[in-house]
Every structure is written in structure tokens, then in C-alpha cells.
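Survey of secondary and tertiary structure
These are the residues of each chain, in order.
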Amino acid sequence: MKKLIIVLTVLVSSITFAQNKNEKASLEVDGVCLMCKSRIEKACFNTKGVKSAVWDVKTHELKLIYDARKTNLKTIQNSVVAVGHDTKGLKATDKAYETVHPCCKYRDTDVKDDHKEDDSHDH
Amino acid sequence: MKKKNISYILFLLPFILLSQEKITGMIMEANEKNEHIGLAGANVYWLNTSIGTVTDMDGKFSLAYSKENTKLVVSYVGFKTDTLTLTQPKMVHHWLQPTDNLNAVTVTSRKQTTAKSYLQATNTFTVSSDELLKAACCNLSESFETNPSIDVNFADAVTGTRQIKMLGLTSPYILIATENIPSIRGASQAYGLSFIPGTWVESIQITKGAGSVVNGYESIAGQINAELVKPSMDDRLYVNLYGATSERLELNTHINTKVTDKWDTGLYIHGNTHNGEHDVNDDGFLDMPKFNQINLMNRWQYTNAEKGVLSFINLKFLNDEKQTGELDFNPKTDKLTTNAWGSEIDTRRFEVSAKLGYVNPEIPWQSVSVQTAFSSHKQESYFGLKQYDILHNSLYSNVIYNSIISDSRHKVKTGLSYTYDHYDELVNTTDYKRNENSIGAFFEYNFDNLNNLNLTAGLRVDHHNLLGTFVTPRINARYTPWEKSALRASIGRGKRSANIFAENQNIFSTSRAINILDSTGKIYGLDPEIAWNYGVSYLQGFNLFGRKADVTVDYYITDFTNQVVVDYENPQEVNFYNLDGKSFANSFQTEVNYNAFEQFDLRLAYKYYEVKTEYNSGKLEKPLTPKHRFFANASYEIHKGDNSIANWKFDTTFNWLGEQRFSSTATNPIPYQLPEKTPKLATLNAQITKVFSPKFEVYLGGENITNVRQSNPILAADDPFGSNFDTNFVYGPIFGSMYYAGLRYKIK
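Residues numbered from 1 in each chain as written. Chains lettered and ligands numbered in written order. Predicted model: local features only at pLDDT ≥ 70, side-chain atom pairs only at ≥ 80, totals over all residues. Heavy atoms only, no water.

Heads up, the rule is: UniProt positions are given in the numbering used here, feature names are shortened, and annotations may be inferred rather than shown by experiment.
Taking an unreviewed UniProt entry as the reference, chain B is identified by name as TonB-dependent receptor belonging to Mariniflexile litorale. In its Subcellular location (unreviewed entry) section, the UniProt record describing chain B reads: "Cell outer membrane". Database annotation for chain B, UniProt heading Sequence similarities (unreviewed entry): "Belongs to the TonB-dependent receptor family."

The name given to chain A in an unreviewed UniProt entry is Heavy-metal-associated domain-containing protein, with the source organism recorded as Mariniflexile litorale.

Written out as C-alpha cells, the structure reads:
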């Protein structure tokens, strides 16, 4: 009986750990400007269960907080890729990449250089 | 036995998983384009430990993370060593600065001194301390000179105070807060702006129209919030010395020190004195009061980034003494006599305020903040034969909880506030005493679709012992139809009890009889003031000849449901009564900002006001409020060769005011009658700053350079105890032009 309780508590604690409702994750996502930022973040929010998504223009880091019972990192990553942004380890299809605004073509070196000078690019 | 082992493993597994958290990242060489040029072989280690690693060929690394270690040191020969603070395992991208290249890297980009947001829901703009330096002065009431949204008016010919207006309404209708704690209200309404030294101010946020419900229900025309300098950010030593041709002298000193790694403290000392006697218009009266002001603040800041705690504790003391009136008035012998007309206003104020903010480090959208402030304000004064003393003790507290609904596009704020005000007023021989207290709850919802829409809807319910139980709704929205634009709309309600004497102290410097015509209300016999404010604004940024420009157009309507009317239309009386009929203030403003060429900024604004009230004698324009105003400001900087710091700064402001209505003087004897309208008026201010080094600069400036003067600011100055004496007909400068010089010295 005692052992059963231990096993149960362990299982419960493992389950709650695995299904954290405020799971945190960090991801590298390619992009160049504030327009990319809003596209990336919106894609995340369109995945049910994402509570917070903040993408940093400079570091390209996407900080996520999501409900692990409702979604997982893979799903979120897929949503980001679906709107045309490469993540580390997952490349957006050419078709998806084509849909981003011409000024956000982050794979293009010229576009990249354009954005380097102006950090507060806000169109 | 075996079973037991398994259960142990199961038991330990979650902990092992937790302790296996890692930090991964990339260390790169700093370059202008922030390209990912990895640094191979850089050292990455936890401060004061032997836990560390070396970056690989691409500059990447991976390091075990534990809660005990939060300072990550990154070093590489030939580069500056950096220490990063990490409170959670995350990805680190860090660029190291080469040591030999340090000066070249510190290219400071020029920031706008007044910033308008394209994203916020409210029509708010932020005035930085750099903008405040453009007109080197002195206290908050003088710091709006370069700003077209706030009008600085001449209050009366005696006290020399400046009054500010927004949307055509005077400061009692604006909620003025210091660090979001309502600070200039009640007894400090008349002179409070001159009690906040300009150098203490880090930035000012000006919100037109209905603002947030978080700071209370009292704001009607808008909100002004002054953020004070923070001990941890401010210079270790700052000295500002100012002297003017009017014989005004001012000294500001800031001393900031770090006490421990979490505590910072600052001591701020302000002294302000003017003892010159001036009477350029030969009316026998001082053109500006003689005064001495001492203002002290001790500020404590506690920062604990790991735990997400930030706290401020402020202690303030103010002593302000003013003397004004006829040149030969001697307070020792002539106080409250008819020997000569004179006035003294002595104020003492203590303030203690504390703020505590907590942000959940695990869940960044969850935060709680508690604000509380106590102030005791005592003014003793007399104006000729009239006496006015006021004591105002006030307690304010506010608790705000921030969170989200479903995801961070839906933010909510909710909380409780409590205020207590004790007033003890002596007007001549009548004692007015009252206690006011209110308790309220608020809820504010903000939606941001991360693209073109941002909406804030707030509601608060308050119970006030004299105003009753009432609801304050406010909505602000921003919509972006196309690039670089912001279309805003707002609607909101405000309610307040008018402190008729404290707000209108200029009534004492007249021979007018003071009458309160209503008696059924709970505040001096009068009812609370209630107004609705509606506004729209449109901001568009664009490029003109390849340079940045923006244009703003806004229109606001303030519609009073009830107002305490201050009626000067009979020159022998001033009457206070509840509004019967309509009272409104319509305001139109258009403003253009243009960066015409390198380091040259131009700001032009035109304003149209229609402010009308139903007086007992009919519907009239509000006295001394110009219908048309024009404003222009130009600033230019000459930079040194390397473009890093400005060498010379030039700033000039032009103000043009259209005709203003005088309240009626028709029943006065002919020599004491005034025309219906004031003449048109234009003033020009300018300032030059020479920057010698980041530590030291000198400025020289002039106010009212064209020497415009109102020749007869005091009616019946020859007979101050007669029935026609009045100091309220002031529409322009009295003293004429004034020049000043000063220096600023700072050690970082």
C-alpha cells in the first residue's frame, strides 16, 4: 500500500511535470524586422495553448510560454514555419516563404543589410 | 527490492530532469551589422566557480545551469569581458566588443526628445529629459514651454505662478501624478507644479483625453505623469547652477550612491531664491514675488532582478516662502494693515511615498504593484487684508494586479485604491473643514492584435463619502489603417470635488466679494464636477524630401454635466455656483514635426479653442483663453567630427496668442474699465548650450527676447484697498525680457 502511494505520487508529479501549464521554451527563428516579429508572434498565438510569445529582432530568439497540456513545441514550430519563417532545425517551404512581405525576405542578403541600420524599423 | 529501486528511480526522475537544465548559445564578435561571426575558443563560465566551457569552432557553447549561478562571464583575449545575468536557462546570443575598438563602437544614434507612439491606445507622448533641457528651467511649471499640447498661462499679477492648460481647461481638470501617484491636487493645486524641480524629472508622459482608470477618476482633460530620476540610473553627482538677470538663483545637486548590490540611494537638493525688487511698469507693485525655496528628496531604490522585485521609497521636504505686493510693503510692520498692500505665502510640505513591484520571474505577465503615499501640506498666507490658511493631509494607496486572459494579446489590470483627504481651511474668519475618503475597485482590459488594433477598456466603481457611489468608464482605441499611421479615439468620464479656494487663490488678490451662491451641495455647498471627454486624433508619419516628418491632428470635446462655475463677470464680485446650462471646451490642434536637415528639427502647431460656459449673465467665452494660438519650435545641433556628442545646441520657441476676452468691467468707473478683448501677443525664447565634454556644459538663454509687456497688469494699482483693485487681468508678460545663464556638471 505504502509503495503504491509512493508510485502514485511519483507518477502524478511526473505527469504534472510533463504537462506543465506554463511550459517555457526558447527557439531560434529567422527574421529581420518588427513586421516579421508580429507575423511570428501571431503565428504562435494562433496555436491554441500559447500564452506568451516574444520574438527579439536582434537576437532572433523566440521566447515561448505555453500550456503543455494543449500544445507542444513541435506544433508551435510548425505554425511558425507555415507563415514562412525558418526555425533552427526546420526550414519553411519556398511556398510559405514566398508569402512574407517583400521587405521581410530574411534569406536575401540585401534585405538583411537594409534592416541592420535601423533597429526600430516599424512598418 | 527491485520494486523499491524502480520507485526510487521514478521518484528521482523529475528532479534529474529539472537539474539537467542547460544554457546554450553563441558568442560572436561585435560588428556593425550584427552578423553571426562566431568566436571560437572564448571562455564561458559561471562567476566565482570552476564551472565553465570553451566555445566551439562556430562560437557555440552549452553549459549546465543551476539556480545558484546567475552571473555568466564571457571572456576572450582582445575583447572586453562581459558578465551576463541569467535567471533562467535560455539561449544566449552575445556579441563581444573588441577592446582596441571601443570608441568606434559607441556610436550614439540620436533619439527624439519628444516621442509619440504609433502603437499605444491612448494619445500619449513622452517628453524626455533632453527636451526639458531645451528651456533650462527650473521646475515643472516652466518645463512645458517647448511643448504645444500644454499651454503655459500667466495666472495673476501677484504670485507670479504659471498656470498650465490642456484642451483649454486649467490644471485642476488634469490629473498630475509623480510616478503614477496623484501628486498635485487639493491644497497643492495652485503652486504644486513649481514644487517639483526640473532636474528631478526623468521624463514626462502627457496623455490627452480620457486616460487609464488605474490612477483614479479625477482626470477630465488628460493626465500628466512625471517620472523622477532613478538613483541607480542617475549620475553619481550632478550639479546645475542657474542665474538670471532678474536676480534669481538656483542650485540643484544630486548625489547618488550604491549602498549594496541591491540598494541604491540618492540625495537631491534644490534651492531657489529671488530677492530682487523689480517694477519695470512703475505701478508701485513688484513684477514678480521675492521667494526662497528649499526642496529636499531622499530616494531609495531596491532592485532584485532574480526575484523580480523592485521598490522605491521617497522622503520629501519642501519649504517655500513668497512675498509680494507693493514695493514699500514691509511684512514686519505692514502685515494685514492698510499701510501698504502686500502678501506672503508660506508653504511647508512633507511627503513619504513607497512603491513595491513584483514580477513573477517564472510567468512574466503576472505582476503586482503596491503604491502608497502620505503627504502633509500646510500653507499660511495673506493677501492684503484677506487671510487664507490651508492644511491638507492626504493618504493614497493603490494595488494593481496584472495578468493575461488566455494569451498575452489579452492583458488585464485590476486592483483597489483607497484615498483619504483631510482639509482644514481658514478663509478670512470662516473655517472650512472637511474629510474626504474614497474606496474604489478598477478593472482594465487591453487587447492588442499585434498588428493594427489596440484597445483599452476600463471601468472603475468608487464609493466616496461626499461624491457618493459612481462608475467611471473609459475607452481608448488605436487603429492603424496603413503604414506609419495611428487613428485614435477615446471616450471617458471624470468626476471631482472642486477645491474652490485652493484652486482659485488669485481671487484673494482683488477687492471682489467672494460669494458661494449654492448651499445644498456637500462641498462648500456645491455639487461635484462631472464631465465627459470625447476625442479623436490622427498621426501620420511620412518622408518629405527624404527626411522624417509627422503630422498630428486632434479634436477633443469636454462636455460638463456639472461644473463649479467661477464667475468674474461682475467686477466687484467673484461668484461660485453650480452650472445651470451648458459648459464645454472644444479643442482642435494640428502639429507638424519635420527633421528638415541633419540635426535640425522643426515643430509647428496651430490650436483652436472654443471654451464656453453658461454664466448667470449669459453664455460667454471663458475669460483669458485665446481662441487661436500658433506655436513654433526649432532646434539645431552642431556635432563634432566623429558625430558622437553635440558640441553646440540651439533652441528657439515662438508663441503667438490671439485675442482673449476680459471678464466684464463695464460697471467700473471709466478709468478702471478695460476693453472687451486683449491685444494679440507674440513671445520668443531662445537658448544656446555649449557642451565641453560629457561632464560639463554651459547654457545661455533668453525669455521673451522681443521684450513684450503688458503695461497695466493690475487694475487700480494706485488704490489697492479701494473697491476696484484687481490683479487678475493678466494676459502677457509683466517683467519683459529676461536673460539667464547656467552650468551643468556631472560625474557618471
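**Focus on the overall build of chain B**
To keep things clear, this is the line we draw: Only DSSP runs of H or I covering at least 4 residues are called helices, and only runs of E covering at least 2 are called strands; the numbering of each starts at the N terminus. Surface accessibility follows the Shrake-Rupley procedure with a 1.4 Å probe radius. Residue values consider only the protein chains on display as shielding. Charged residues are defined here as Lys and Arg on the positive side and Asp and Glu on the negative side; His and the ends of the chain fall outside this count. By convention, the charge on Lys lies at NZ, on Arg at CZ, on Asp at CG and on Glu at CD.
Within chain B one finds five helices and 42 strands. In terms of overall dimensions, chain B has a C-alpha envelope of 105 × 65 × 55 Å along the principal axes. When the accessible surface of chain B is split by element, carbon and sulfur atoms take 58% of a total near 31,700 Å². Each charge class in chain B was averaged separately, 71 positive and 79 negative side chains, and the resulting centres sit 8 Å apart.

**What to know about the overall build of chain A**
Going by this rule: Accessibility here uses a 1.4 Å probe with only protein chains present; expressed as a share of the type maximum, an area under 20% marks a residue as buried, one over 50% as exposed, and anything in between as partly exposed. Here, two residues are considered to be in contact whenever any of their heavy atoms come within 4.5 Å of each other.
Broken down by element type, chain A carries five helices and three strands. Listing each helix as α and each strand as β along chain A from the N terminus yields α-β-α-β-β-α-α-α. A burial count over chain A gives 44% of its 123 residues as buried. In chain A, 49% of the contacts between residues at least 6 apart in sequence involve partners at least 24 apart.

**With respect to the sheet that holds strand β11 (residues 162-166) of chain B**
All names here are of chain B. As a reminder of what qualifies: What makes two strands pair is DSSP finding at least two bridges between them.
Within the open sheet, the three strands sit side by side as β10-β11-β12. Their pairing is antiparallel. Of all the strands in the sheet, just β10 (151-154) and β12 (169-170) have a single pairing partner and so form its edges. Across four bridges, the pairing between β10 and β11 is antiparallel. Counterpart to Asp151 in the pairing with β11 is Lys165.

**Looking at the nonpolar core**
All names here are of chain B. Inclusion rule: Each nonpolar core is a collection of buried residues, namely Ala, Val, Leu, Ile, Met, Phe, Trp, Tyr and Cys, held together in the definition by side-chain atoms within 4.5 Å.
Within the largest apolar cluster, 36 residues are counted, with the highest numbers of intra-cluster contacts made by Phe383, Tyr388, Ile500, Phe501, Ile507 and Phe508. Per-element tally for this core: the top contributor is helix α5 (residues 500-503), with three residues. When neighbours within four sequence positions are excluded, Phe383 is seen to be in contact with Thr159, Tyr191, Trp341, Gly342, Ser343, Ile345, Tyr388, Gln505, Phe508 and Ser509.

**Thoughts on the UniProt feature "domain: HMA" (unreviewed entry) in chain A**
Within this structure's numbering, the places UniProt gives as "domain: HMA" (unreviewed entry) are residues 28-85 of chain A. Span residues 28-85 of chain A is 38% helix and 22% strand, its end C-alpha atoms 10 Å apart.

**A short note on helix α3 (residues 73-82) of chain A**
All names here are of chain A. Rules: We define a polar contact as two N or O atoms separated by no more than 3.5 Å, with the added condition that, inside protein, one atom must be a possible hydrogen donor and the other a possible acceptor, whereas residues neighbouring each other in sequence contribute only through side-chain atom pairs.
For α3, the full list of buried residues reads Ile76, Gln77, Ser79, Val80 and Val81. Buried residues along α3 sit against β1 (23-28), α2 (34-45), β2 (50-55), β3 (61-66) and α4 (94-98). Two or three places before Lys74, at the opening of α3, Asn72 has a side-chain oxygen 3.2 Å from that residue's backbone nitrogen. Looking one or two residues past α3, Gly84 carries a phi angle of roughly 105 degrees, positive in sign.

**Here we look at α2 of chain A**
What sets the pattern is the α-helix's 3.6 residues per turn: residues three or four places apart point alike. Quick note on the threshold: Given a helix with a known number of residues, its expected span is that number minus one, times 1.5 Å.
When the terminal C-alpha atoms of α2 of chain A are compared, their 16 Å separation across twelve residues agrees well with the 16 Å that a helix rising 1.5 Å per residue should span. Most of α2 of chain A is tucked away: nine of the twelve residues are buried. All of the buried residues along α2 of chain A are Met35, Cys36, Ser38, Arg39, Ile40, Glu41, Ala43, Cys44 and Phe45 of chain A. On its buried face, α2 of chain A sits against β2, β3 and α3 of chain A together with β25 (407-427) of chain B.

**Focus on the sheet that holds strand β9 (residues 123-128) of chain B**
Hydrogen bonds between backbone atoms are what pair the strands of a sheet, whose relative direction is either parallel or antiparallel. All names here are of chain B. Pairing is mixed in the open sheet, where six strands are placed in the order β8-β9-β15-β16-β13-β14. The open sheet terminates on both sides in strands that have one partner only, identified here as β8 (114-116) and β14 (181-182). Here β9 pairs with strand β15 (residues 201-208) via six bridges, running antiparallel. For Val127, the partnering residue across the bridge sits in β15 and is Ile204.

**So, the side chain of Glu503 of chain B**
Structurally, Glu503 of chain B is set in helix α5. With residues near it in sequence (within four places) discarded, Glu503 of chain B still touches Pro172, Gln189, Arg496, Ser497 and Ala498 of chain B.

**Concerning the domain arrangement of chain B**
It is common to give the size of an interface as the accessible area that goes away when the parts come together. Our working definition: These domain boundaries are the output of an automatic or database domain assignment.
Segmenting chain B into domains produces domain 1 (3-96) and domain 2 (114-747). Using C-alpha coordinates to define each centre, domain 1 of chain B is positioned 50 Å away from domain 2 of chain B.

**Description of unusual backbone geometry**
Residues and elements named next belong to chain B. Look at Glu179: it is not a glycine, yet its phi comes out positive at around 50 degrees. Here Glu179 shows up in the loop between β13 (174-178) and β14. On the basis of relative accessibility, which here comes to 4%, the residue Glu179 falls in the buried class.

**A short note on the packing of aromatic side chains**
We count it as follows: Here a Phe, Tyr or Trp ring, Trp counted by its six-membered ring, pairs with any other such ring whose centre lies within 6.5 Å, and the pair is stacked when the planes are under 30 degrees apart, edge-to-face when over 60, and tilted otherwise. Put simply, a charge is over a ring when the Lys NZ or the Arg CZ is close to the ring centre, within 6 Å, and near the line of the ring normal, within 35 degrees.
Applying the stated rule across the entire model yields 29 aromatic pairs over all chains. Relative to Trp341 of chain B, the ring of Phe285 of chain B lies with its centre 6.0 Å away and its plane at 45 degrees, an arrangement referred to as tilted. Of the two residues, Phe285 of chain B is situated in the loop between β19 (263-274) and β20 (290-304) and Trp341 of chain B in the loop between α4 (331-334) and β22 (342-359); the sequence distance between them amounts to 56 residues. Arranged with centres 6.4 Å apart and planes meeting at 25 degrees, the rings of Phe501 of chain B and Phe508 of chain B form a pair that is stacked. The burial state of Phe501 of chain B is the same as that of Phe508 of chain B; both residues are buried. Among the aromatic residues, those joined into a ring-pair cluster are Phe383, Tyr388, Tyr432, Phe501, Phe508, Tyr524 and Phe576 of chain B. Over the ring of Tyr97 of chain A we find Arg107 of chain A; its NZ or CZ atom is 4.1 Å from the centre of that ring. The aromatic ring of Tyr423 of chain B is capped on one face by Arg434 of chain B, whose charged end is 4.4 Å from the ring centroid.

**Here we look at the pattern of salt bridges**
Residues and elements named next belong to chain B. This is how the line gets drawn: In what follows, salt bridge is the name for a side-chain nitrogen of Lys or Arg lying within 4 Å of a carboxyl oxygen of Asp or Glu.
Across all of its chains, the model carries 41 salt bridges over all chains by this definition. Note that Glu503 and Arg496 form a salt bridge whose closest N and O atoms lie 2.4 Å from each other. Like Glu503, the residue Arg496 is buried in the burial classification. Of the charged contacts, one joins Asp726 and Arg512 as a salt bridge, the two residues approaching to 2.7 Å between their closest N and O atoms. On the criterion of sequence distance, the pair formed by Asp726 in the loop between β41 (696-703) and β42 (738-747) and Arg512 in the loop between α5 and β30 (513-516) is long-range, its members being 214 residues apart. Of the two residues examined, Asp726 and Arg512, each falls in the buried class.

**Comments concerning the side chain of Asn314 of chain B**
Residues and elements named next belong to chain B. On the secondary structure map, Asn314 appears in strand β21 (residues 309-325). Residue classification places Asn314 among the buried residues on the basis of a relative accessible area of 6%. Only 2.8 Å separates the side chain of Asn314 from the side chain of Arg299, close enough to count as a polar contact.

**As for the environment of Phe144 of chain B**
Residue and element names in this part refer to chain B. As for its position among the elements, Phe144 is in the loop between α3 (129-132) and β10. The exposure class of Phe144 is buried, given its relative accessible area of 2%. Along the backbone, Phe144 and Glu68 are 76 residues apart, and their C-alpha atoms lie at a distance of 49 Å. Aside from chain neighbours lying at most four places away, what touches Phe144 is Ile150, Val152, Ile164, Ile204, Ile206 and Ile224.

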